Amino acid sequence: MRRLAAIILSAAVFAAGIYAYTDSFAATSSNPAYSALIDAVKNGKDEETVAGLYQEYMDESLTMTEMTRIEYHMARYFKDMGNEAEAKRHVELGKEFLAGIGEDEGELMRRVAEADIVSADYYVNGGISKGMESSDLMKKLYADYPDEYYIALQEAFRLLYTPAIAGGSAKKALSIFNDIEKEIDGLSKLDLFSFYSGKGMALSQRDEYDESDRYLDKAEDIYTGDPAIDDIRKDNRRGKRSNRNR
């Protein structure tokens, strides 16, 4: 009987450990200046407002990793706003900051910062080789750090955006999102938005359009300025019309 109890306890501990996610970037997320800037970026505020909040954040005592990673958001923001020159400038700033990350900040921080900037470079400047590099960096990060919230989320997005012939899979992405959802209370505000929008996208690709819309609604309860959500909703509407016409 004791042996059976021990086996059951061990199994429970193992099962709990499978989904034991961590957030090594919580300190950044809790910075009020960072939160204010991300709120403005993700809600599509005007460029003057965002530029002012960016300067306030950069005036803080930041690590090189933090300085590198904010350029990912700035580059994508200006790209979405149609300001190509400013988007490219922030990509180049990110590369400069990335080069300054020292060993004292740790391998995880450096590798995530690198993945962010390569991703931003691809988003802004395009290029098949850059896209492949971005995908490869994230795939390797997930292999080494599968229990980091941010990395798990980005791996799920990688699976969604990668063609099936190259290993992409909405089913695998949805599996990651479902695992994260079991520990959803540990997500930062930005990661929670990424979770809801990502799961909404995965469900859309799996033709679960109504459920997808429900998750997109939750994402837009957090931030309202992400153009990708509008694209997913359009896909959902087309899918629903197609189903009705069968």
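Calculation criteria
Residues numbered from 1 in each chain as written. Predicted model: local features only at pLDDT ≥ 70, side-chain atom pairs only at ≥ 80, totals over all residues. Heavy atoms only, no water. Helix = DSSP H or I, 4+ residues; strand = E, 2+ residues; numbered from the N terminus. Rg over C-alpha atoms; globule rule 2.2 N^0.38 Å. Salt bridge = Lys/Arg side-chain N within 4 Å of Asp/Glu carboxyl O. Buried < 20%, exposed > 50% of the residue type's maximum accessible area, 1.4 Å probe, protein only.

Draft legend 1. Representation of the overall build of the chain. Within the chain one finds 13 helices and zero strands. Listed N to C, the secondary structure of the chain is α-α-α-α-α-α-α-α-α-α-α-α-α in terms of helices and strands. Against the 2.2 N^0.38 benchmark of 18 Å for 246 residues, the chain shows a C-alpha radius of gyration of 19 Å, consistent with a compact globule. Seen along its three principal axes, the alpha-carbon backbone of the chain occupies a region of about 65 × 55 × 35 Å.

Draft legend 2. Molecular detail of the pattern of salt bridges. One pass over the full model with this rule turns up 23 salt bridges. Close ionic contact of Lys95 with Glu92 constitutes a salt bridge, the shortest N to O distance being 3.4 Å. With Lys95 and Glu92 both in helix H6 (residues 84-99) and three residues apart, the pair spans about one turn of that helix. On the basis of relative accessibility, which here comes to 39%, the residue Glu92 falls in the partly exposed class. Measuring nitrogen to oxygen at the nearest pair gives 2.5 Å for the salt bridge that ties Arg214 to Glu211. Within this pair, Arg214 and its partner Glu211 are both found in helix H12 (residues 209-220), separated by three residues, close to a single helical turn.

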